[in-house]
Amino acid sequence: MAERITGHTLLVSLIATPIRHSMSPTMWNESFAKNGMDYAYLAFEVGNDQLEDAVKGIRALDIKGSNVSMPNKQKIIPLLDEISPAAKLAGAVNTVVNQDGHLVGHVTDGTGCMRALREEGFDIKGKVVTLTGAGGAGTAIAIQASLDGAKEIRIFNRDDEHYATAVENARKVNENTDTAATVTPLEDQEAFKKSITESDIYIDATSAGMHPQEDVSLLDDPSVLRPDLVVFDVVYAPAETKLLKFVRENGVTKAYNGLGMMLYQGAEAFNLITGEEMPIDHVKQALGLD
Ligand code: NAD
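Remember, it's a predicted structure, so these values are computed and weren't measured experimentally.

## As for the pattern of salt bridges
Okay, so step 1: Under the counting rule described, the total for this entry stands at 17 salt bridges.
Okay, so step 2: With a shortest N-O distance of 3.6 Å, Glu45 and Arg20 are connected by a salt bridge. Note that Glu45 is positioned in strand β2 (residues 39-45) and Arg20 in the loop between β1 (10-16) and α1 (24-35), a separation of 25 residues in sequence.
Okay, so step 3: Taking the relative accessible area as the measure of exposure, Arg20 reaches 60% and is therefore exposed.
Okay, so step 4: The structure contains a network of salt bridges with shared partners spanning Arg115, Glu119, Glu268 and Glu277.

In structure tokens, the structure reads:
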């Protein structure tokens, strides 16, 4: 490291809190070293109270770009100069690109998910999607899937504080894209199951399956599954959620966890900020994920 960092080294940051557990510094610094790029990536513990000063710091220090995570993904929007169409629709930014002092906000969670699916040979264009969840992940996925040409997105959310966001996401999709979006309470189990039988893909963008909900799967009826159904769970720890175990045990072979989405949201941000490709295989190896 002492040999690698010089007076010429460029900085990329991550601003969020809590942030010390993040895998992003390893992903980015391993990528810089592997690609021979004169950059460094550092995580800064920044919450809403320090956000405005942090954004001023990005400009003042000519930090080349920044990742943004909770609790700053929404709050950063008015502090930037330009917002990408997807980030505007999603109402969230996870990547800032510093173009000579002009700060542009992007969101790469949705593009990361779509790229992870493409890498598995699945193109969302023209497809019917059943989607559970309307939090940060569900919103980014609904928006990107529609921007990428999904035919229909049928959103199901339980009757909690995220239901209104699900309604809002469907409205944005219907008003801004050619995709037809609907919202139904997840409590309507008959409608949920029927939707899965009619869909090309079921995406679970809820925190069901992740600690402390390891024992929760929103789907438990094997009769709605078909061997050609694609199932994508945004959760990647544990690597096999209760949902993925259940569908695999019942003949679904195209069942994927959220690891690809996590890696490719980073890869998309890396490309936006540096113009280079993240060496994904090397990153997986560095994280002990292959
Ligand atoms: P959030 O808190 O913003 O939203 C949570 C969503 O899950 C809401 O729609 C809520 O209604 C739903 N939900 C939670 N528990 C449920 C249950 N028992 N039954 C039905 N619905 C339930 O969270 P988020 O930021 O959108 O994250 C959701 C999950 O996605 C988390 O597990 C997170 O770790 C994961 N995630 C993964 C990636 C990735 O790159 N793979 C990226 C972002 C988030």
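Having seen the structure, we can now continue with the description.
## Describing the site of the ligand
Okay, so step 1: Close to the ligand lie 22 residues; Ala137, Asn157, Asp160, Gln213 and Gly258 are nearest.
Okay, so step 2: Take Arg158: an N or O atom from its side chain is 3.2 Å from a nitrogen atom of the ligand.
Okay, so step 3: In the environment of the ligand, a nitrogen atom lies 2.9 Å from a nitrogen or oxygen atom belonging to the backbone of Val234.
Okay, so step 4: Protein chains bury 79% of the 850 Å² of accessible surface belonging to the ligand in isolation.
Okay, so step 5: Within the residue set of the shell around the ligand, elements represented by two or more residues are α5 (136-147) and α9 (259-274).
Okay, so step 6: For the shell around the ligand, the per-class residue count stands at 11 nonpolar, 9 polar and 2 charged.

## What to know about the sheet that holds strand β4 (residues 82-83)
Okay, so step 1: Spatially, the 6 strands line up as an open sheet ordered β2-β1-β3-β5-β6-β4, and their pairing is mixed. Two strands in the sheet have a free side with no partner beyond their single neighbour: β2 and β4.
Okay, so step 2: The strands touched by α1 are β1, β2 and β3 (65-68); relative to β2, the strand with the most contacts, the crossing angle is about 170 degrees.
Okay, so step 3: Of the strands in this sheet, β1, β3, β5 (95-99) and β6 (102-106) are in contact with helix α2 (residues 48-60), which crosses β6 at around 120 degrees.

## Observations concerning the side chain of Asp109
Okay, so step 1: Mapped onto the elements, Asp109 comes out in helix α4 (residues 109-119).
Okay, so step 2: The class of Asp109 is buried, set by a relative accessible area of 13%.
Okay, so step 3: Looking at Asp109, its side chain comes within polar contact range of the side chain of Lys73, at 3.0 Å.

## Comments concerning the packing of aromatic side chains
Okay, so step 1: A complete count under the given rule lists 7 aromatic pairs for this structure.
Okay, so step 2: Taking 6.0 Å as the distance between ring centres and 70 degrees as the angle between the ring planes, the aromatic pair formed by Trp28 and Phe32 counts as edge-to-face. Of this pair, Trp28 and Phe32 both sit in helix α1, 4 residues apart, roughly one helical turn.
Okay, so step 3: Using a relative accessible area of 0% as the deciding quantity, one classes Phe32 as buried.

## Considerations on helix α6 (residues 163-176)
Okay, so step 1: With 14 residues, α6 should reach 20 Å at 1.5 Å per residue; the first-to-last C-alpha distance of 20 Å fits that figure.
Okay, so step 2: If you check which residues of α6 are buried, you get Tyr163, Ala166, Asn169, Ala170, Lys172 and Val173.
Okay, so step 3: On its buried face, α6 sits against α3 (85-90), α5, β8 (152-157) and β9 (180-185).

Rules of the game
Every chain is numbered on its own, with residues counted from 1 as its sequence reads. Whole-chain, interface and lining totals are the exception, using all residues; otherwise, since this is a predicted model, local features are given only for residues with pLDDT of at least 70 and side-chain atom pairs are given and counted only at 80 or more. Calculation of side-chain values draws on the structure's entire complement of heavy atoms; hydrogens and water are dropped beforehand. For this document, the term salt bridge refers to a Lys or Arg side-chain nitrogen within 4 Å of an Asp or Glu carboxyl oxygen. Going along the chain from the N terminus, every DSSP run of H or I of four or more residues is numbered as a helix, and every run of E of two or more is numbered as a strand. Buried means the residue's accessible area, taken with a 1.4 Å probe over protein chains only, is under 20% of the maximum for its type, while exposed means over 50%, and partly exposed covers the values in between. The cutoff for a nearby residue is simple: one of its non-hydrogen atoms must lie within 4 Å of the molecule or strand. Counted as a polar contact is a pair of N or O atoms within 3.5 Å, where, for protein atoms, one must be capable of donating a hydrogen and the other of accepting one, and residues adjacent in sequence contribute only when both atoms are in side chains. Per-residue and other accessible areas follow the Shrake-Rupley method at a 1.4 Å probe size, with only the shown protein chains counted as cover for residues. As a working rule, the residues Ala, Val, Leu, Ile, Met, Phe, Trp, Tyr, Cys and Pro are called nonpolar, Asp, Glu, Lys and Arg charged, and the rest polar, with Gly in that last group. Following DSSP output, two strands are said to pair if at least two bridges run between them. Should any heavy atoms of two residues lie within 4.5 Å, those residues are counted as being in contact. Under this scheme, a helix contributes an axis fitted over its contacting stretch, all axes are lines through C-alpha atoms, and angles between N-to-C directions fall in the 0 to 180 degree range. Two rings from Phe, Tyr or Trp (for Trp, the six-membered ring) form a pair when their centres are within 6.5 Å of each other. A pair whose planes differ by under 30 degrees is stacked, one over 60 is edge-to-face, and the rest are tilted. Expected helix span is computed as 1.5 Å times (number of residues minus one).

So far we have only geometry, and geometry alone does not tell us how the molecule works.
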